[in-house]
Amino acid sequence: MLQKLSIINYALIDNLEISFDSGLNILTGETGAGKSIILGALSLILGQRADGRYFFNQQKKCVIEGSFKIGAFHLKQFFEDNDLDYEAETVLRREISADGKSRAFVNDTPVNLPALKALGEKLIDIHSQHATLEINDPEFQLLVVDAVAKHDELLNDYRAKFRSYKKSTAKLQQLIDESDKAKADLDYYQFQFDELEKAALSADEQELLEQELYALNNAGEIKRNLLGAFYLMEDGETSAIIQLREAGHQLTSLEKFNPLIAELYQRLNSAIIELKDIATEIEIIEQRTHTNEARAEEINTRLSLIYNLQKKHRLNSTAELLQLQNDLSGKIQQAVFGDEAIEKLKLQLNADKKDLEQLAATLSANRKKTIPAIEKHVLESLAEMGMSNAALKITLYTPPGHNSPLGGLGDNGFDSVRFLFNANKGHALAEMSKVASGGELSRLMLSIKSLIAQNTALPTIIFDEIDTGVSGEVANKVGQIMQRLADNLQVITITHLPQIASKGQSHYFVYKDDEGATTYTRIKQLDKQERILEIAKMLSGDNPGESALQNAKELLSLQ
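Residues numbered from 1 in each chain as written. Predicted model: local features only at pLDDT ≥ 70, side-chain atom pairs only at ≥ 80, totals over all residues. Heavy atoms only, no water.

**Some words on the overall build of the protein chain**
Each helix and strand counted, the protein chain has 18 helices and 15 strands in total. Since a compact globule built from 559 residues should have a radius of gyration of about 24 Å, the 43 Å found for the protein chain marks it as more spread out than a globular shape. The principal-axis extent of the C-alpha atoms belonging to the protein chain is close to 135 × 75 × 40 Å. Within the protein chain, buried positions represent 43% of all 559 residues. The long-range fraction of contacts in the protein chain, counting pairs at least 24 apart against all pairs at least 6 apart in sequence, stands at 71%. When the 61 positive and 81 negative side-chain charges of the protein chain are each reduced to one mean point, those points stand 8 Å apart. (Helix = DSSP H or I, 4+ residues; strand = E, 2+ residues; numbered from the N terminus. Rg over C-alpha atoms; globule rule 2.2 N^0.38 Å. Buried < 20%, exposed > 50% of the residue type's maximum accessible area, 1.4 Å probe, protein only. Contact = heavy atoms within 4.5 Å. Lys, Arg positive; Asp, Glu negative; His and termini not counted. Charge placed at Lys NZ, Arg CZ, Asp CG, Glu CD.)

See the structure below:
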């Protein structure tokens, strides 16, 4: 339900705010007063493209904001899918700068235009006299049948299982393709795998071998430097350790003069012990360091094997070669044992398909049972609106596809639906857009929407002058049907007919206001006396007489 609409700086609107009621809301006003401008502004928060040329003030940005109550429309999943914060009272906002740049928000969270449009379509349905696409859409026609059949739980269960079935079918085809390719490439994969397995690689082998080879290639230099270090630290006649010991003797002779010197002596002695340990380890490493041409040749041979394998497979490490070996093992397993997985999945798919076919058959039976009631309701409603000769035939059919991998199953079961119609007696039934005028299609859509509204939660519906071409008692009947429709959903109707205007729960008057050199579009909600005057003007012109005022009172008293 649209609770409030705020429009700033759009076309002839400087600043306008409208609060709507939950039932039937009527918008009237002279041609050109700005009723369509209000709809144009509303369409911006429903995701339509914007044009900066239609700004009231080209130096300011345009802001359109709509507040909606959405608790009844089961939209939490939509909000989760689009990473939006769900609120039972949701605000859609569109800001368009003077240079045409646009930003859109849902509950103050930025969204892209497709997401705003997708949400807007779930909240508001704008229907004009020329909006015939939806009524001819097979998806919409099937929605009508399913809404009246009231099998949402069954349909949702079927769709969830069908999505899973399609994924499993795609997985089966993937397994078959992979198995066929694996079988064709088995010898090649086996050769590569054997080569890698024979190499017996380990993950950190290359790095360790490279370090060892570097040490062997530089053994002479390493040995010389280690000997030099050992000589300076301990082996030489004036080694560091000998000199430090002499320094210690000097300190011990001074302990009697200063107790702090004893502490320094202890620290020096600890340093001498640490240096002796270091010197010992240097000596051990030096004694273990030697040239070994045989070992160097062995390492070079092993590294050459590793480098050649990396070059061949365009890899950079033994870890990557081991991963390739593991992948090849999987492909070989797929070639040898893949048929088992394929057969297992085929059995599961056959069982799933039988389950889906049973659900689809139940859906079809429900729909067939529902169709006569839909035809009866729509024709009775059309007869009320002056189309007593109308004929409607709804047929279910299964589209081609039984030989496809999905076996004729679709997102909605087996069925597609076709609405055939004619407004005139004695003429062949055909697609509605081919045999009905704009006014007839509008009344047909009104009949269908009123039926859906009795069975499911619908978004706000806006009728933009769909009453064109009707008058008198037919107009009164159209108004009554809109009134009944508004028992189940919010209806906003733009009309020029007093019979319809009198049926509204709330009546808004759109008018132009000239202030100085500027013209503004304004809107106000009419009170009872203002409504009587407005409807009287709609009956007889700008200066209604007493009879017109009396007729207006009678129309309002009949609502």
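**Side note on the packing of helix H8 (residues 219–235) against helix H10 (residues 259–288)**
Relative placement of two packed helices is described by the angle separating their axes and the distance separating the axes. Where H8 meets H10, the axes come as close as 9 Å, and the angle between the chain directions of the two elements is 155 degrees. One finds that H8 runs roughly antiparallel with respect to H10. As H8 packs across H10, the resulting crossing turns out to be left-handed. Contact residues: H8 offers Lys223, Leu226, Leu227, Ala229, Phe230, Met233 and Glu234, while H10 offers Leu275, Lys276, Ile278, Ala279, Ile282, Glu283, Ile285, Glu286 and Gln287. Partitioning the contact of H8 with H10 into residue classes produces ten nonpolar, one polar and five charged. (Axes fitted to C-alpha atoms, helices over the stretch in contact; angles between N-to-C directions. Parallel < 35°, antiparallel > 145°, perpendicular 65-115°, else oblique. Left-handed = near helix turned anticlockwise from the far one by under 90°. Nonpolar A, V, L, I, M, F, W, Y, C, P; charged D, E, K, R; others polar.)

**Some words on the layout of surface pockets**
If you add up the space inside the largest pocket, you get close to 1,800 Å³. Along the wall of the largest pocket there are 43 residues; nearest its centre are Glu121, Lys122, Leu143, Leu458 and Pro459. When contributions to the lining of the largest pocket are tallied by element, the ones reaching two or more residues are helix H2 (76–81), helix H3 (113–123), strand E8 (124–128), helix H4 (138–149), helix H5 (152–184) and helix H14 (438–453). The element best represented in the lining of the largest pocket is H4, accounting for six residues. (1 Å grid on protein atoms, 1.4 Å probe; cavity = no way out; pocket = protein on both sides within 12 Å on 5 of 7 lines; lining within 4 Å. Points joined across faces, edges and corners; volume = space filled by probe spheres on them.)

**Quick word on the pairing of strand E4 (residues 62–69)**
Judged by how many residues are buried, E4 sits mostly within the fold: six of eight residues are covered. Summarising the sheet, strand E1 (residues 2–10) and E4 pair through six bridges and their orientation is antiparallel. Within E4, the position partnered with Ile8 by the bridge is Val63. Examined bridge by bridge, E4 and strand E5 (residues 89–96) share eight bridges and lie antiparallel to one another. Bridge pairing in E5 links Ile64 to Arg94. (Pairing = 2+ DSSP bridges.)

**Section: the pattern of salt bridges**
Once their charged atoms are close, side chains differing in charge can pair, the charge on each being opposite to the other. Enumeration according to the criterion identifies 24 salt bridges in this entry. The residue Lys4 makes a salt bridge to Glu17 at a minimum N-O spacing of 3.9 Å. Of this pair, Lys4 sits in strand E1 while Glu17 sits in strand E2 (residues 13–19), and the two are 13 residues apart along the sequence. With a relative accessible area of 36%, Lys4 lands in the partly exposed category. For Glu17, a relative accessible area of 53% corresponds to the exposed category. A salt bridge links Arg367 to Asp415, with the nearest nitrogen and oxygen atoms 2.9 Å apart. (Salt bridge = Lys/Arg side-chain N within 4 Å of Asp/Glu carboxyl O.)

**A look at the packing of aromatic side chains**
Aromatic rings in a pair are described by how distant their centres are and how their planes are angled relative to each other. Under the defined criterion, the tally for this structure stands at six aromatic pairs. Ring centres of Phe79 and Tyr86 lie 5.3 Å apart, and the angle between their planes is 85 degrees; this geometry places the pair in the edge-to-face category. Relative accessible area serves as the criterion here: at 27%, Tyr86 is assigned to the partly exposed category. Judged by centre distance (6.1 Å) and plane angle (45 degrees), the rings of Tyr188 and Tyr189 are tilted. Here a set of aromatic residues connected by ring pairs shows up, and it is made of Phe78, Phe79 and Tyr86. (Phe/Tyr/Trp six-rings, centres within 6.5 Å; stacked < 30°, edge-to-face > 60°.)

**A look at the sheet that holds strand E9 (residues 391–397)**
One open sheet holds the three strands; their spatial order is E9-E10-E11, and the pairing between them is antiparallel. Edge positions in the sheet fall to E9 and strand E11 (430–431), since each of these pairs with one other strand and no more. As judged from the seven bridges shared by E9 and strand E10 (residues 416–422), these two strands associate in the antiparallel manner. Each bridged residue has a counterpart across the sheet, and for Tyr397 the counterpart in E10 is Ser416. Packed on one face of the sheet, H4 meets E9 and E10 and runs near 95 degrees to E10.

**Quick notes on the sheet that holds strand E6 (residues 102–106)**
Across a sheet, strands are paired by hydrogen bonds formed along the backbone, either parallel or antiparallel in direction. What the six strands build is an open sheet, ordered E2-E1-E4-E5-E6-E7; its pairing is antiparallel. Of all strands in the sheet, those bounded by a partner on one side alone are E2 and strand E7 (109–111). Neighbour-to-neighbour, the strand axes of this sheet turn through a mean angle of 15 degrees, independent of strand direction. Against the sheet, helix H1 (residues 35–44) touches E1, E2, E4 and E5, its axis set at about 100 degrees to E1. In this fold H3 packs onto E4, E5, E6 and E7, with an angle of close to 135 degrees to the strand it touches most, E5.

**So, the nonpolar core**
Ranked by size, the top nonpolar core spans 56 residues in total, and within it Phe419, Phe421, Leu446 and Ile448 carry the most contacts. Top element by residues in this core is H14. It accounts for eight residues. Setting aside chain neighbours within four positions, we find Phe419 in contact with Gln141, Val144, Val145, Leu392, Lys393, Ile394, Ala430, Glu431, Met432 and Ile448. Within the second largest apolar cluster, 46 residues are counted, among which are Phe20, Ile70, Ala104 and Ile523. (Core = buried A, V, L, I, M, F, W, Y, C linked by side-chain atoms within 4.5 Å.)

**A few points about unusual backbone geometry**
Residue Asp83 is not a glycine yet carries a positive backbone phi of 55 degrees. Inspection of the secondary structure puts Asp83 in the loop between H2 and E5. A positive phi angle, near 70 degrees, is found at Asp108, a position not held by glycine. Tracing the backbone through its elements, the reader meets Asp108 in the loop between E6 and E7. Under the relative-accessibility criterion, Asp108 is labelled exposed at 58%.

**Details of empty space enclosed by the protein**
The final tally for this structure, using the stated rule, is one cavity of 30 Å³ or more. One number sums up the size of the largest cavity: a volume of about 60 Å³. Contributing to the lining of the largest cavity are Leu2, Leu5, Phe20, Leu27, Ile38, Leu39, Leu42, Ile462, Ile492 and Ile494. Listing elements by their share of the lining of the largest cavity, those giving two or more residues are E1, H1 and strand E13 (491–494). When the residues that make up the lining of the largest cavity are grouped by side-chain class, the tally is ten nonpolar, no polar and no charged.

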